[in-house]
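Here is what each chain is made of, one letter per residue.
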Amino acid sequence: MKKIIYSLSTTQIIMIGFAVVILVGSLLLMLPVSSANGNSVSFVDSLFTATTSTCVTGLVTLPTVSTWSTFGHIVIICLIQVGGLGVITIMSGIMLMFHKRMGIRDRILIQDAFNLNTMSGLVRFVKKVFLGTFIIEGLGAAICMIRFVPMFGIKGVWYSIFHSISAFCNAGIDIISENSLCEYATDPLINIVTCVLIVFGGIGYIVWWDVISVIKERKKMRSLTLHSKIALVSTVIIIISGAVLFFVFEYNNPLSMGNASVGDKVQMSLFQSITTRTAGFATIPQENLTNSSSILSLILMFIGGSPVGTAGGIKTVTFVILIFASISAVKNRNEVVLFNRNIPKYAINKALSVVFMSFGIMFVSTLLLSFVTDSSVINILYETVSATATVGLTRNLTPFLNVWGKIIIIFTMFFGRVGPISLAVALNVKKENPNKIKNPVEDICVG
């Protein structure tokens, strides 16, 4: 067994790890004890729920609050936590808990799972990831209790913990109601704490430690790494611009927020802009959005959050690199410059590959789902982009998927979650052999 594991590439181990967790979760959810009515849930629906939880997506074929028992909810939140942190991170944490030494193979796995450029300080990095995650999730749960305990009594404690983990991991699954957070669309406390948890989980662990380091050493923010600068600036710009556009597009829409006060409209617009960055919670029924808002949501979902975090999508840094690479190409420049720093060519190649692969997953999924599902193009595209980017927002199509539709979305969520990671691992930079014979170069026409 050990020989088989060592013969596998890190990419294969990561993918198999996710698949095993999903399969175990599916079997647990099929148990009668996991069901609220004591009857076993079908394998397809159990598999779908385990996949959406582990891939921190949030699309559900069955209402989470009424379908599953407390045991089922515990299984789901454990899958969300494992999926959010990553299978390799959890395995590493268990090794550290039992004081087992990490070998070079384990360190390579961690490096590849987080797509890091160095193996220096990996054990410390894993410890900080666990500590930071549990501190933020704990604080989020404590604040949620202010609202949920008076409303639900002692159950409010459990609801708060579940909601905090789900929000931080950008899963978007809740056990409060069957219509997500629509009942809390104008509740400032729930809106703020949920948005903060989503952003903290989606901004990426590297940015956390970079910002904390700069603050501790009392440096200026310009001392941040290039990665952190791109992630922070792009996140702020995308959230604000998205909120402004949602505010304009939905201002007079009576089906979404047309009848709300200006203050509530601002709150709902901001939440929609943030949740589309792979969180999946909804304070507005997505099927009630205007066409303009739906298209905007598709774009924001596809971009997603930042690297080395709990969010999905192609990632903000990838998106920004490609924009500036395109600008440089139009201006006939040989270098791509951001914050007075040159972007290495391999990073641009990775960005192109990740976008192309994500788009490929989305395109194939859309084509197949259109073949087996009788629904509008916008609803199908919303579903497949949401699954590919592991967002979890739907225009009320997920509950009505047939068996083939469910299987297609299951594979889409899985590849959307592990695909970009695997691609990034496969594209790790390797030194070229200087003596290697190179093929001749010939010009071609592009564009």
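Computed from a prediction, not measured in an experiment: that's the story for all the values here.

Trainee: Sorry if this is basic, but what is going on with the side chain of Thr278 here?
Mentor: In this structure, Thr278 sits in the loop between α13 (262–275) and α14 (291–303). Here Gly312 takes part through its backbone nitrogen, which lies 3.3 Å from a polar atom of the side chain of Thr278. Among residues more than four places away in sequence, those in contact with Thr278 are Val56, Asn170, Met301, Gly304, Gly305, Ala311, Gly312, Gly313, Ala389, Thr390 and Val391.

Trainee: Just checking my understanding: could you explain the pattern of salt bridges for this structure?
Mentor: Any two side chains of opposite charge can pair if their charged atoms end up close together. In the structure shown here, the tally under the stated rule is 3 salt bridges. Ionic pairing is found between Asp187 and Arg147, a salt bridge with its closest N-O pair at 2.6 Å. With Asp187 in the loop between α9 (155–168) and α10 (188–203) and Arg147 in helix α8 (residues 122–152), this residue pair connects regions lying 40 residues apart in the sequence. Since its relative accessible area comes to 13%, Asp187 is described here as buried. For Lys219, the salt bridge goes to Glu217, with nearest N and O atoms at 2.8 Å.

Trainee: Just checking my understanding: could you explain the packing of aromatic side chains for this structure?
Mentor: In this description, an aromatic ring pair is defined by two values, namely the gap between the centres and the angle between the planes. Counting across every chain of the model gives 12 aromatic pairs. Geometrically, the ring pair formed by Phe130 and Phe134 is tilted, given 5.9 Å between the ring centres and 45° between the ring planes. Of the two residues, Phe130 and Phe134 are both situated in helix α8; the distance of 4 residues between them amounts to about one turn of the helix. When the centroid spacing of 6.2 Å and the interplanar angle of 20° are considered together, the rings of Phe411 and Phe415 count as stacked. On the criterion of helical spacing, the pair formed by Phe411 and Phe415 is a turn pair, its members being 4 residues apart in helix α18 (residues 403–426). On the accessibility criterion, Phe415 (34% relative accessible area) is partly exposed. One aromatic cluster in this structure is built from Phe148, Phe152, Tyr159 and Tyr184. Between the NZ or CZ atom of Lys265 and the centre of the ring of Tyr251, over which it lies, the distance is 3.5 Å.

Procedures and definitions
- Residues numbered from 1 in each chain as written.
- Predicted model: local features only at pLDDT ≥ 70, side-chain atom pairs only at ≥ 80, totals over all residues.
- Heavy atoms only, no water.
- Helix = DSSP H or I, 4+ residues; strand = E, 2+ residues; numbered from the N terminus.
- Polar contact = N/O pair within 3.5 Å; in protein donor to acceptor, adjacent residues only side chain to side chain.
- Contact = heavy atoms within 4.5 Å.
- Salt bridge = Lys/Arg side-chain N within 4 Å of Asp/Glu carboxyl O.
- Buried < 20%, exposed > 50% of the residue type's maximum accessible area, 1.4 Å probe, protein only.
- Phe/Tyr/Trp six-rings, centres within 6.5 Å; stacked < 30°, edge-to-face > 60°.
- Lys NZ or Arg CZ within 6 Å of the ring centre and 35° of its normal.

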